[in-house]
Amino acid sequence: MNNNLQIDTKLIKSALVLAVFSGIASADPMPQEESLSSIEISLIGRNDLYTHQGLNRYAEAPFLTDLVSAGQLPPVGERLPKQPVVFKTDAMVDGVGEYGGVFRHVIGGRPQGWHFLAGQHQGWGGINMAVQECLIRQGPRWQVKAEEQTGPLPNLARSWEWNNDKTELTMHLVEGAKWSDGDPFDVEDIQFWWEDNVENPEVQGILSAGEFGTGTSLEVIDDYTFKFRFTAPQSESLLESLAYNQGCPGPSHVLKEHHPKYNSSKSYEDYRNALPADVVPIPVLGAWVPVLHRPDELVVLRRNPFYWKVDERGNQLPYINEMHFKLTTWDDRTTQAVAGTGDFSNMENPGNYVEALKQSQEPDAPVSVKFGSRNLVWRIELNFAAKLAEDPVDRQLRTLFRDKNFRLALSHALDRNAVGQAVARGPFFYPYTGGFASGSPYYDYGSTEYQPYNPDGARSLLAGLGLSDTDSNGILNLPGGGEDLTLDIIYKTERNEDRKMADAVTSLFADVGIRVLLKPVPEKNFGDIRNRGDFNVLLQRSNFVLPTYRTCEHLPISDSCPGFHLSGAGGRDLLPFETELASLNETIVSTDDPRVSTRAAQQMQKILTENLYVVGLVQAPAALLVNKRIRNVHPGTPVFMYDWAEDGIIRERLWIPREQQITELLPNTIAQY
Ligand code: GLA
């Protein structure tokens, strides 16, 4: 590591004018931001959304009653837990719903497999959230008023309590809930999730050992009660990381026989492939069960007859019988939502915005479009794991990436306005320099360092690092007359906006003597490559809105993260500021005092942006597109706040008036195991 040449950014800041004229790199205040949000929000109390409560009588979708009469399903009262989740009518804008119909999703992802405990994704875009349920719930929290934002909402964990010094947390599970094949859900599933997956280093899950507090252990108390023991006091914030993808148990009654601990004929590779994408159904706790998968075409899910949530009249949820996920492209999600052939889109490709806005203004437009705050960010990640690089040139590059002056030079080489304009003209983009997105409740303008476009400054920083064009081919050579300075940048093939930004970055970097080779990677494999740290440079969209949402993607909180700084046989050297980031994260997850967490988040913002932990590009708002026939879409649902809109919109509570329902592909059926 070479920190000798590090510029004191504060000093430079005060000499700003001089710096601009002399071409020395500098930090600036961020430009003023213009909001595009059209969201009007009426907030409610924390307990106004739903409770866990037993009701006197229950009802169900009519076709399920027929299956009960035919002896193919137990009566609804026996399928529900003692105290189901009860959604309150007053919090539903269109009230109690009508059963039936199809909700049409369109997505660009492809299911990798159904084994989310082993780290497989289901293609994103809301499939994972249709099949998984987690200990706590975050998505609907955007609706809760500020003074009642005391922490995550209950879900599979119906309640919990802390001991006095907050080193022990006892959680109570919903009692008597069942998997979609009728098998009981209980603490055995939790124990399996924790001991044989999260804490098992052989299983590369989405939550890995150490990420839920170093040294945390789990003790089973009884069938529906368990206790986490922490090595230091924690707070409700830590629990936020038990939301989607992370705190979501899998069906132990099916998975155990594939796990090497319980079956010596199986390998961990076998275990990971235990629930392949093309084999359906699988038992789920989610509202819908995958029953059909035509690769690259369609995934169909049917209502889960054992779903453990109801409305206040006792009607078992979901209201909607069938979910479709058309497997096309992310751009097509927006195109189809605008055309009315899809029901939902998180519009997140700014290249589509103007056209979609224009079309949705027509009086008979099938869709409504609502912009939220800027919570989509695009960034470049540089791999810091120099010791893990086998190739000497890679090692040399990664050593360079660890030098702040190199990262500063990259930032100064970026004309962020041009990067944004490469995707879309208009007011959508705002510079991003790392840290929290500007729409995050944790964002602090004053703590955000900005290194504006200054190619001369970039050139002098690069020269100061010993990089010069020794062979006069227009590209800088690595120190000591080494190879051309070439950055292989991986990005997701399917994401048009990423590609356009990557093209813009290529020419901006070329302008300061850095060659870029673009390496598109199919989205399906991208996550694995990133998690393995198998890249030098990566460009992708991200969303650092909450410090507790997939923290591992952003901060060095365990040996297995972030993907751009892994530990391995060679160990890893955390830079001093990374250690500070990890400890600020601990402050945030261990305090219930919002003043303390706000202060820690501000410091985090400062450290992230002044050290360019990632090199930020631009940030943009997204807009939520929902077909007007869908009811109970709460006004103001953001595309992303505490979680994605697929969760924030509470799909189990959505409904479609009978006359607007479209024909189901598999009417009157449920998953057959
Ligand atoms: C993908 C999409 C997002 C959202 C999430 C949900 O990342 O790009 O808009 O749908 O999946 O997991």
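Refer to the structure presented above.
As the structure is a prediction and not an experimental result, all values here were calculated from the model.

**Q** Looking at this model, I keep getting lost on the sheet that holds strand β6 (residues 157–162). Mind explaining?
**A** Working definition: the strands of a sheet are paired by backbone hydrogen bonds and lie parallel or antiparallel to each other. Taken in spatial order, the four strands line up as β6-β7-β9-β8 in an open sheet, and their pairing is antiparallel. The open sheet has two edge strands, β6 and β8 (217–222), and neither has a second partner. Here the average twist between neighbouring strands, direction ignored, is 25°. Note: β6 against strand β7 (residues 168–173), five bridges, orientation antiparallel. Bridging across to β7, W162 finds its partner in L169. Sitting on the sheet, helix α6 (residues 187–198) is in contact with β7, β8 and β9 (225–229), with an inclination near 170° to β8.

**Q** Can you walk me through the state of the cysteines in this structure?
**A** Here a disulfide denotes one covalent bond, and it connects the sulfur atoms of two cysteines. Per the counting criterion, the structure on display carries two disulfides. Note that C134 is cross-linked by a disulfide to C248, the S-S spacing being 2.2 Å. Looking down the S-S bond of the C134 and C248 bridge, the torsion is 80°, so its handedness is right-handed. Of the two residues, C134 is situated in the loop between α5 (127–131) and β4 (136–137) and C248 in the loop between α7 (236–239) and α8 (252–255); the sequence distance between them amounts to 114 residues. Like C248, C134 is buried. Between the sulfur atoms of C552 and its disulfide partner C561 the distance amounts to 2.1 Å. Between C552 and C561, the disulfide has an S-S torsion of -80° and is therefore left-handed. Here C552 falls in the buried class, since its relative accessible area comes to 11%. Shown here for the protein is a disulfide pattern of 1-2, 3-4, where each number marks a bonded cysteine counted in sequence order.

**Q** Honestly, the pairing of β8 in this entry has me stumped. Any pointers?
**A** Remark: a regular strand shows side chains that alternate across the two faces of the sheet. Two elements, β8 and β9, share five bridges in a ladder whose sense is antiparallel. Bridge pairing links S217 to R229 in β9. Between β8 and β9, which pair antiparallel one after the other, the connecting turn spans two residues.

**Q** Mind showing me how you'd approach the environment of S267 here?
**A** Tracing the chain through its elements places S267 in the loop between α8 and α9 (268–272). When its relative accessible area of 31% is taken as the criterion, S267 is described as partly exposed. Between the alpha carbons of S267 and E202 there is a distance of 10.0 Å; along the sequence they are 65 residues apart. Other than its neighbours up to four places away in sequence, S267 contacts H258 and P260.

Rules used throughout
Residues numbered from 1 in each chain as written. Predicted model: local features only at pLDDT ≥ 70, side-chain atom pairs only at ≥ 80, totals over all residues. Heavy atoms only, no water. Pairing = 2+ DSSP bridges. Helix = DSSP H or I, 4+ residues; strand = E, 2+ residues; numbered from the N terminus. Axes fitted to C-alpha atoms, helices over the stretch in contact; angles between N-to-C directions. Contact = heavy atoms within 4.5 Å. Disulfide = S-S within 2.5 Å. Buried < 20%, exposed > 50% of the residue type's maximum accessible area, 1.4 Å probe, protein only.

Everything listed here is a matter of coordinates, which is why it stays silent on function.
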